[in-house]
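# Summary of the model geometry
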Amino acid sequence: MERCILNRTPRAAITIVAIVTAIVVIRISTQPDVYSVDSPFRQVMGTFARVSAVSGSEKTAQLCVDAAFDELTGVDDMMSDYKADSELSEVNNNAFGEPVKVSGALMEVLLAAVEYSRQTGGAFDVTVGPVVDLWRQAGKDSQKPTDEQLAAAKAKVGYENLILDSQSLTVRFRVEGMRLDLGGIAKGYAIDRAAEAMRANGALGGMIDVGGDIQCFGITPEPETRENWVIGLQDPGSDTGLLVKLKLTDTAVATSGDYRRFVLIGDDRFSHIINPQTSIAAGKLSSVTIIAPTAMQADALATAVSVMGHEKGMELIESLPDAEAILIRTAAKGEFLTTSGAQRYIQP
Ligand code: AMP
Ligand code: MG
């Protein structure tokens, strides 16, 4: 089974794909007693998502697809900083004044986020919100932030000032004006939850793809590929070309990079990924793909490595036994670097 991942698909192309696949595709697999349902693309978490489920009946497979989308939209409603009524917005609005009670789910993501901050020496930091907001506004105004504005925003960033109490499930900010931004991790968390929900509803296998961040588990509908899901990673240097094909089994993949989302100010392009140490956009890597056991880990590490650059980033990923990386430097179009263990996922 081959999947092409639309990392940078032009909107028109997505629209065409969405129309073509607007009817749910139900396939009777060539494996006995196995059915699969492929959803159309749906807009969720600011991007396009699709889900494939393999199960013993068509009805169960459809149930699994629905359960996956329920999880994706549920996490988005809870963790989006764009939604004024999300749980995250409530924390952002009130956690300086008093500890704010949160759900177990939000606490789980925040605890993981702090762990990734420690692991990456602060390259990953969900308290980067004030700086992200500043650059978003700069994009709208077509004007770079001033040094004073950047310094003021930077003073509100720092995961050490995020006080998490996992017993009482409360969150508090030590600095006024702090803001959490889960854009670098929530998608991965949502994908993992969607996979869990599919398993709980009877999926024998499945794939969840949210804007190119993917979790694959169990069997594919085809006996030739069995538990190997094959996905294509897009070459950021080309609109249509694939960089490599990856063969995945019970594994997640996430891609970050400045070619995916950025703001344009004059002729300068600024990545949406911020180096928390400098408050400036990360820019040395045009694409970072991380392969890891969970989509949350892959998502957070892809964002972190985009900030760290290829030398430190490679060193970090090589030191982690269960994660691999495929990187493309901005200056070296078409050429990619991989960690030593990544080769086993790449299809010849
Ligand atoms: P991703 O596409 O997973 O790399 O996530 C990028 C998003 O994460 C941005 O749009 C911001 O919302 C947020 N973000 C930006 N810089 C960082 C950072 N250094 N650490 C954590 N999240 C970040
Ligand atoms: Mg990420």
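All values reported here derive from a predicted model rather than from experimental measurement. (Residues numbered from 1 in each chain as written. Chains lettered and ligands numbered in written order. Predicted model: local features only at pLDDT ≥ 70, side-chain atom pairs only at ≥ 80, totals over all residues. Heavy atoms only, no water.)

Here the magnesium ion (ligand 2) is held by Gly184 (O), Asp299 (O), Asp299 (OD) and Thr303 (OG1), and the distances to it run 2.0 to 2.5 Å. Each donor residue of the magnesium ion (ligand 2) belongs to the same chain, with the gaps between them written as G-x114-D-x3-T. Linking Asp299 with Thr303, this pair stays in helix α8 (residues 295-319), spanning four residues, or about one helical turn. For the pair formed by Asp299 and Thr303, the shared burial category is buried. (Donors = N, O, S within 2.8 Å, 3.2 Å for Na, K, Ca; no water. Helix = DSSP H or I, 4+ residues; strand = E, 2+ residues; numbered from the N terminus. Buried < 20%, exposed > 50% of the residue type's maximum accessible area, 1.4 Å probe, protein only.)

Another point: the confidence of the model for the protein chain. Per-residue confidence for the protein chain gives a mean pLDDT of 89, with 88% of residues at or over 70. Confidence drops under a pLDDT of 50 for residues 1-23, and excluding neighbours within four residues, the segment shows 51 contacts in the predicted structure. (pLDDT = per-residue confidence, 0-100. Contact = heavy atoms within 4.5 Å.)

This brings us to the packing of helix α2 (residues 58-79) against helix α7 (residues 186-200). Two elements in contact, α2 and α7, have axes separated by 8 Å at closest approach and are oriented at 150 degrees. On the basis of the axis angle, α2 is roughly antiparallel to α7. Regarding α2 and α7, the two cross each other, and that crossing is right-handed. In contact with Cys64, Ala67, Ala68, Glu71, Leu72, Val75 and Met79 of α2, α7 contributes Ala186, Tyr189, Ala190, Ile191, Arg193, Ala194, Ala197 and Met198. When grouped by side-chain class, the residues that make up the contact of α2 with α7 number 13 nonpolar, no polar and two charged. (Axes fitted to C-alpha atoms, helices over the stretch in contact; angles between N-to-C directions. Parallel < 35°, antiparallel > 145°, perpendicular 65-115°, else oblique. Left-handed = near helix turned anticlockwise from the far one by under 90°. Nonpolar A, V, L, I, M, F, W, Y, C, P; charged D, E, K, R; others polar.)

Turning to the site of ligand 1, a few remarks are in order. Taken together, 16 residues sit near ligand 1, with Asp181, Ser256, His272, Ile274 and Thr303 positioned nearest. In this structure, Asp181 approaches ligand 1 through a side-chain N or O atom, which is 2.7 Å from an oxygen atom. Within the contact set of ligand 1, an oxygen atom lies 2.9 Å away from a side-chain nitrogen or oxygen of Asp299. About the coverage of ligand 1: the protein hides 98% of its 500 Å² of free accessible area. At three residues, α8 tops the list of elements feeding residues into the shell around ligand 1. Split by residue class, the shell around ligand 1 holds seven nonpolar, five polar and four charged. (Near = heavy atom within 4 Å. Polar contact = N/O pair within 3.5 Å; in protein donor to acceptor, adjacent residues only side chain to side chain. Areas by Shrake-Rupley, 256 points an atom, 1.4 Å probe, with all protein chains shown as cover.)

Another point: the sheet that holds strand β8 (residues 170-173). Spatially, three strands are ordered β6-β8-β7 in an open sheet, and the strand pairing comes out antiparallel. Each edge of the sheet is formed by a strand with only one pairing partner; in this case those strands are β6 (100-101) and β7 (162-165). Both β7 and β8 contribute to a ladder of four bridges, which runs antiparallel. The partner of Ile163 across the bridge, within β8, is Arg172. Against the sheet, helix α4 (residues 104-119) makes contact with β7 and β8, and its axis sits at roughly 130 degrees relative to β7, the strand it touches most. (Pairing = 2+ DSSP bridges.)

Here the focus is the pairing of strand β18 (residues 285-292). For β18, the buried fraction is high: eight of the eight residues fall into the buried class. Bridging between strand β13 (residues 251-256) and β18 involves five bridges; their strand directions are antiparallel. Of the residues in β18, the one forming a bridge with Val253 is Ile291. In this sheet, strand β19 (residues 324-329) lies alongside β18 in antiparallel orientation, the contact comprising six bridges. Opposite Leu285, over in β19, you have Arg329 as the bridge partner.

Once that is clear, we can look at the packing of aromatic side chains. What the rule picks out here adds up to two aromatic pairs. For the pair Tyr116 and Phe124, a centre-to-centre distance of 6.4 Å together with 85 degrees between the ring planes defines the contact as edge-to-face. Across this residue pair, the class does not change: Tyr116 and Phe124 are buried. Residues Trp135 and Phe270 carry aromatic rings whose centres are separated by 4.8 Å and whose planes lie at 35 degrees to one another, so their mutual orientation is tilted. (Phe/Tyr/Trp six-rings, centres within 6.5 Å; stacked < 30°, edge-to-face > 60°.)

Attention now moves to the nonpolar core. Leu72, Met79, Leu182, Ile185, Ile208 and Ile290 are the most contacted members of the largest nonpolar core, which totals 76 residues. With 13 residues, α8 is the single largest residue contributor to this core. Shared between two domains, this core holds at least three residues of each, these being domain 1 (2-76 + 186-345) and domain 2 (87-173). Listed in part, the 19 residues of the second largest apolar core include Met207, Cys216, Val244 and Tyr345. (Core = buried A, V, L, I, M, F, W, Y, C linked by side-chain atoms within 4.5 Å. Domains from an automatic or database assignment.)

Take α8 next. Taking 1.5 Å per residue, 25 residues should reach 36 Å; α8 reaches only 19 Å between its end C-alpha atoms and comes up short. Gly309 marks where α8 bends most, by close to 135 degrees. (Expected span 1.5 Å × (residues − 1). Bend = angle between axes of the 7 residues up to and from the residue.)

A few words on the pattern of salt bridges. This structure, assessed with the given rule, holds 13 salt bridges. The partner of Glu115 in a salt bridge is Arg118, and the shortest N-O contact between them spans 3.7 Å. Taken as a pair, Glu115 and Arg118 lie in helix α4 at a separation of three residues, close to a single helical turn. Its relative accessible area of 46% is what places Glu115 among the partly exposed residues. (Salt bridge = Lys/Arg side-chain N within 4 Å of Asp/Glu carboxyl O.)

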